Structures are given as structure tokens and as C-alpha cells.
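# Close look at the chain arrangement
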Amino acid sequence: MVNVIIVLILVVLLSFAVKSSIRHFKGEGACCGGGSGTVKTKKPKKKKLDGPVVAKRTVEISGMHCQNCANSVTRALNGIDGVAARVNLHANRAEVLMDRMVDEDELKHAVEEAGYGVVDIKAS
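Residues numbered from 1 in each chain as written. Predicted model: local features only at pLDDT ≥ 70, side-chain atom pairs only at ≥ 80, totals over all residues. Heavy atoms only, no water.

## Focus on the layout of surface pockets
Approximately 420 Å³ is the volume found for the largest pocket. Lining the largest pocket are 21 residues; nearest its centre among them are K46, T74, A85, R86 and V87. If you list the elements that add at least two residues to the lining of the largest pocket, you get β1 (55-62), α2 (67-78), β2 (83-88) and β3 (93-98). Of the residues belonging to the lining of the largest pocket, the class tally is 7 nonpolar, 5 polar and 9 charged. (1 Å grid on protein atoms, 1.4 Å probe; cavity = no way out; pocket = protein on both sides within 12 Å on 5 of 7 lines; lining within 4 Å. Points joined across faces, edges and corners; volume = space filled by probe spheres on them. Helix = DSSP H or I, 4+ residues; strand = E, 2+ residues; numbered from the N terminus. Nonpolar A, V, L, I, M, F, W, Y, C, P; charged D, E, K, R; others polar.)

And the structure:
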């Protein structure tokens, strides 16, 4: 009887662990916000450029695990004058529009200062 109770407890704990892991890998968990539950973060405001788009870059990013990560990268890139970025968490990339030429090192530095890695930067 004791063995049955122990097995039931283990099954319940395992089911909670699997459920939490699935949420984490879907980017719905609280991996970067700490604590438990879903991280509720404000979506960064869409940035509008002052002038016409003169360049586009695709930045491949490593280390993003949740929407909070994507929001942090978006804010970091949008903090650069002349840059408007849209980050796709599931593709691990940012589409960057520029109304003036911005050095790729500056884009890379902004992403790395936010705590993520840059795999590649390509002209789009």
C-alpha cells in the first residue's frame, strides 16, 4: 500500500514537471522573469522611423527563450537612433529597418548588452 501511494505522488509530480517544461519550451513560462507562472510583460511600442527606410538587416539571435527575452531585444535595438526592429522569438531573429546607415557592430553591441548573442547579421 505504501508503494502505491509513493508511485501516485511521483506520477503527480512528474505530470506537473512535464506540463511546466512544455510551457517553457513554447516560450510561455517564466524562464527569464523569475518566479512561477507566465511572465506578463508590456509589449514594446512599435517604433516609427523619421525618414524613409534606407537599409534592412536580419539579425540572428541566440539565447532568447520567452517573450520577455524578445521584448528585451526589441527595446535594445529600438533604443538605437534610426532603427526600428521587430523580433520573432520562434525564428530567433530580428528584422531591422534603418532610416540611416547604422554600423552592424552597433546592432550587435545593443543585442549583447541586453544579454543575448548575435549569430549573424545579413542584409535583407
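## Quick word on the pattern of salt bridges
Overall, the coordinates contain 5 salt bridges when judged by the stated rule. The partner of R100 in a salt bridge is D99, with the nearest N and O atoms 3.1 Å apart. The salt bridge involving K108 is made with E112; its shortest N-O contact spans 4.0 Å. Linking K108 with E112, this pair stays in helix α3 (residues 104-113), spanning 4 residues, or about one helical turn. Overall, E112 belongs to the partly exposed group, its relative accessible area being 40%. Within this structure, D81, D99 and R100 form a network of salt bridges that share partners. (Salt bridge = Lys/Arg side-chain N within 4 Å of Asp/Glu carboxyl O. Buried < 20%, exposed > 50% of the residue type's maximum accessible area, 1.4 Å probe, protein only.)

## Observations regarding the environment of L49
In this fold, L49 is placed in the loop between α1 (2-25) and β1. Residues in contact with L49, not counting those within four places in the same chain, are G82, V83, A84, L97, M98 and D99. (Contact = heavy atoms within 4.5 Å.)

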